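Summary of structural features
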Amino acid sequence: MNTFTRTTRACTLETLDEDLKAVMRAHVTKYGLGDIESNILMCCETTSIRQKKGLFGGIKTSLSAVYVTPKWLVWADNADRNEADAGTAQLRHIDVRDYQTTASYAITPDQGLNITGRYTDKNKTGITFIVLGSEPDGQKFRQVLQEARSRATK
């Protein structure tokens, strides 16, 4: 079984990890989303430490980032410090659910958000997991995202 420790900090785009920032910007450019960075409501970076138990156990660290604007959710993940990947979705096209409120949490406890809906780079709907710690910055991001999503779907 794996154990995760997640730590989320609020940041600005300027203080965001350079690799994650670059992959987010490349994604935004590829899909022609325009200058969405000028309207960021909140930005966070999460460090995840996975402790694997057993014969092939060990510790692996990954970094992820997410920001929300009045219309967009943008995220990137650099799992195990390998090649980073980014995604985007319009807030009006997604549903946001705290992972701790899902049935899966009882089987695999973790911290973050399930994002269900249509993403910019997909022709169909899907689900993605965005990691967020439970400390104040992670909680504030959840609140800012929910408020922005409420305004965007009106």
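Details of the structure are given in the entry above.
As a starting point, this report considers the structure included with it. Quick caveat, the model's predicted, so the values are computed rather than measured.

Under the counting rule described, the total for this entry stands at five salt bridges. A salt bridge links Glu37 to Arg25; the shortest N-O distance between them is 2.8 Å. Separated by twelve residues along the polypeptide, Glu37 in the loop between α1 (18-30) and β2 (42-52) and Arg25 in helix α1 bring together distant segments of the chain. Classification of Glu37 as partly exposed rests on a relative accessible area of 25%. One salt bridge in this structure joins Arg149 and Asp95, with 3.9 Å as the shortest N-O distance. Residue Arg149 is located in helix α3 (residues 136-152), and its partner Asp95 is located in strand β6 (residues 94-98); the two are separated by 54 residues in the primary sequence.

Because each turn of an α-helix spans 3.6 residues, side chains separated by three or four positions in sequence point in the same direction. In this model, α3 (17 residues) spans 24 Å end to end at C-alpha, consistent with the 24 Å of a helix rising 1.5 Å per residue. Those residues of α3 that sit buried are Gly138, Phe141, Arg142, Val144, Leu145, Ala148 and Arg149.

Moving on: α1. Under the 1.5 Å per step criterion, the end-to-end length of α1 is 18 Å for 13 residues, consistent within 8% with the ideal 18 Å. Every buried residue of α1 is accounted for by Leu20, Lys21, Val23, Met24, His27 and Val28. Each buried residue of α1 sits inside an arc of 170° when the element is viewed along its axis, so together they form one side. In this structure, α1 carries Glu18, Thr29 and Lys30 as exposed residues pointing more than 90 degrees from its buried face. A distance of 3.1 Å separates the backbone nitrogen of Asp19 from a side-chain oxygen at the start of α1, and that oxygen is part of Asp17. One or two positions beyond α1, positive phi appears at Gly32, with a value near 60°.

Here, the word disulfide means a covalent bond between the sulfur atoms of two cysteines. Applying the stated criterion across every chain, the model contains zero disulfides. Left without a disulfide partner, Cys11 is nearest to the cysteine sulfur of Cys43, which lies 3.6 Å away. The exposure class assigned to Cys11 is buried, which follows from its relative accessible area of 12%. Here Cys44 stays free of any disulfide, with the sulfur of Cys11 as its closest cysteine sulfur at 6.4 Å. Assessed through its relative accessible area of 1%, Cys44 is described here as buried.

Summed over all chains, the structure comprises one aromatic pair. A centroid spacing of 5.5 Å and a plane angle of 75° characterise the contact between Trp75 and Tyr119, whose relative ring orientation is edge-to-face. Of this pair, Trp75 sits in strand β4 (residues 72-78) while Tyr119 sits in the loop between β7 (112-118) and β8 (125-131), placing them 44 residues apart in sequence. Residue Tyr119 is classed as buried on the basis of its relative accessible area of 7%.

Here is what the cut-offs are and how they apply
- Residues numbered from 1 in each chain as written.
- Predicted model: local features only at pLDDT ≥ 70, side-chain atom pairs only at ≥ 80, totals over all residues.
- Heavy atoms only, no water.
- Salt bridge = Lys/Arg side-chain N within 4 Å of Asp/Glu carboxyl O.
- Helix = DSSP H or I, 4+ residues; strand = E, 2+ residues; numbered from the N terminus.
- Buried < 20%, exposed > 50% of the residue type's maximum accessible area, 1.4 Å probe, protein only.
- Expected span 1.5 Å × (residues − 1).
- Arc of directions from axis to C-beta.
- Polar contact = N/O pair within 3.5 Å; in protein donor to acceptor, adjacent residues only side chain to side chain.
- Disulfide = S-S within 2.5 Å.
- Phe/Tyr/Trp six-rings, centres within 6.5 Å; stacked < 30°, edge-to-face > 60°.

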